[in-house]
Amino acid sequence: MTRWGSAAVAFGGLTAPGQLVEPMPLEVVFTRAERLRSGAGRTLQHWAGRLAAKYAVLRLLDEPATAEHLGAVEVLPLPAPLCSRTAACLHGHPPGVRLIGALDGREAEDTRIRVSVSHTADLAFAVALTAARLAEDHELEAMTAWT
């Protein structure tokens, strides 16, 4: 059975990533890898998209949007199967989701959580859904260096 969740994050008028998550600490909501990836010259739009994806995943899992739960949803780009680069590649790879910490193990063994993110000038929107695990998912997971 396919399940889904969606979320929107407004960022118009904001100037810093920390404003997106106040009063929660940025260091708890975003993992170290996410902060490194988003901090490298990325726009607030990028941070808002990643945050919308986290909220969408929590809605999919029917979990409350606490700082701990948001931080347990890691959203990083997945390399394409033919790409020799790592998840740090800047060439528009689709986002991948990894559940860690308090949410580790919440994904059913035969499914995978997938997300899609879109932006406007002041709004980020994401949809998360569960889908059957495909053969290439194992290859992607093996080549993705998530730490």
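Residues numbered from 1 in each chain as written. Predicted model: local features only at pLDDT ≥ 70, side-chain atom pairs only at ≥ 80, totals over all residues. Heavy atoms only, no water.

Visitor: Looking at this structure, how should I read the side chain of T31?
Guide: As for its placement among the helices and strands, T31 is situated in the loop between α2 (26–29) and α3 (32–39). Other than its neighbours up to four places away in sequence, T31 contacts G71, E74 and I100. (Helix = DSSP H or I, 4+ residues; strand = E, 2+ residues; numbered from the N terminus. Contact = heavy atoms within 4.5 Å.)

Visitor: Looking at this structure, how should I read unusual backbone geometry?
Guide: The phi torsion of most residues other than glycine is negative, and most of the peptide bonds are trans. Geometrically, the link from E22 to P23 is a cis peptide bond, its omega value of 10 degrees lying close to zero. With respect to the element layout, P23 can be found in the loop between α1 (17–21) and α2. Here the phi dihedral of D62 falls at roughly 60 degrees; this positive angle occurs in a residue that is not glycine.

Visitor: Looking at this structure, I do not really get the packing of α3 against helix α4 (residues 44–61). What am I missing?
Guide: The relative placement of two packed helices is expressed as an angle between their axes plus a distance between the axes. Running from amino to carboxyl end, α3 crosses α4 at an angle of 150 degrees, the nearest separation of the two axes being 10 Å. When the interaxial angle is binned, α3 and α4 end up roughly antiparallel. Pair α3 / α4 crosses with right-handed handedness. The residues of α4 that touch α3, namely those facing E34, R35, R37, S38 and G39, are H46, W47, R50 and K54. Of the residues contributing to the contact of α3 with α4, the split by class is one nonpolar, three polar and five charged. (Axes fitted to C-alpha atoms, helices over the stretch in contact; angles between N-to-C directions. Parallel < 35°, antiparallel > 145°, perpendicular 65-115°, else oblique. Left-handed = near helix turned anticlockwise from the far one by under 90°. Nonpolar A, V, L, I, M, F, W, Y, C, P; charged D, E, K, R; others polar.)

Visitor: Please clarify how α3 should be interpreted in this entry.
Guide: Side chains of residues three or four places apart in an α-helix project in the same direction, reflecting 3.6 residues per turn. Buried residues of α3: E34, R37 and S38, and no others. The buried residues of α3 all sit within an arc of 90 degrees when viewed along its axis, so they share a single face. Opposite the buried face of α3, by more than 90 degrees, sit the exposed residues R32, L36 and G39. Structurally, α3 contributes buried residues whose contacts are with α2, α4 and β2 (73–77). Immediately downstream of α3, the backbone of G41 shows phi near 75 degrees, a positive value. (Buried < 20%, exposed > 50% of the residue type's maximum accessible area, 1.4 Å probe, protein only. Arc of directions from axis to C-beta.)

Visitor: Looking at this structure, I do not really get the nonpolar core. What am I missing?
Guide: Generally speaking, nonpolar side chains in soluble globular proteins are found buried as a group. Among the nonpolar cores identified, the biggest contains 34 residues, and L20, L51 and V57 are the most heavily contacted of them. The leading source of residues in this core is α4, at 12 residues. With residues near it in sequence (within four places) discarded, L20 still touches V9, A10, F11, L14, L44, W47, A48 and L51. (Core = buried A, V, L, I, M, F, W, Y, C linked by side-chain atoms within 4.5 Å.)

Visitor: Explanation requested: the packing of aromatic side chains in the structure shown.
Guide: Two measures describe an aromatic ring pair: the distance that separates the ring centres and the angle between the ring planes. If you walk through the whole model with that rule in mind, you get one aromatic pair. Seen in terms of ring centroids, F30 and W47 are 5.1 Å apart; in terms of plane orientation they differ by 90 degrees. Their pairing is edge-to-face. With a gap of 17 residues between them, F30 in the loop between α2 and α3 and W47 in helix α4 connect regions that are remote in the sequence. As far as burial versus exposure is concerned, F30 and W47 are alike and both buried. (Phe/Tyr/Trp six-rings, centres within 6.5 Å; stacked < 30°, edge-to-face > 60°.)

Visitor: How do you make sense of the environment of S6 when you look at a structure like this?
Guide: Along the chain, S6 turns up in strand β1 (residues 4–10). Judged by its relative accessible area of 21%, S6 is partly exposed. Spatially, the C-alpha atom of S6 lies 9.5 Å from that of K54, the residues being 48 residues apart in sequence.

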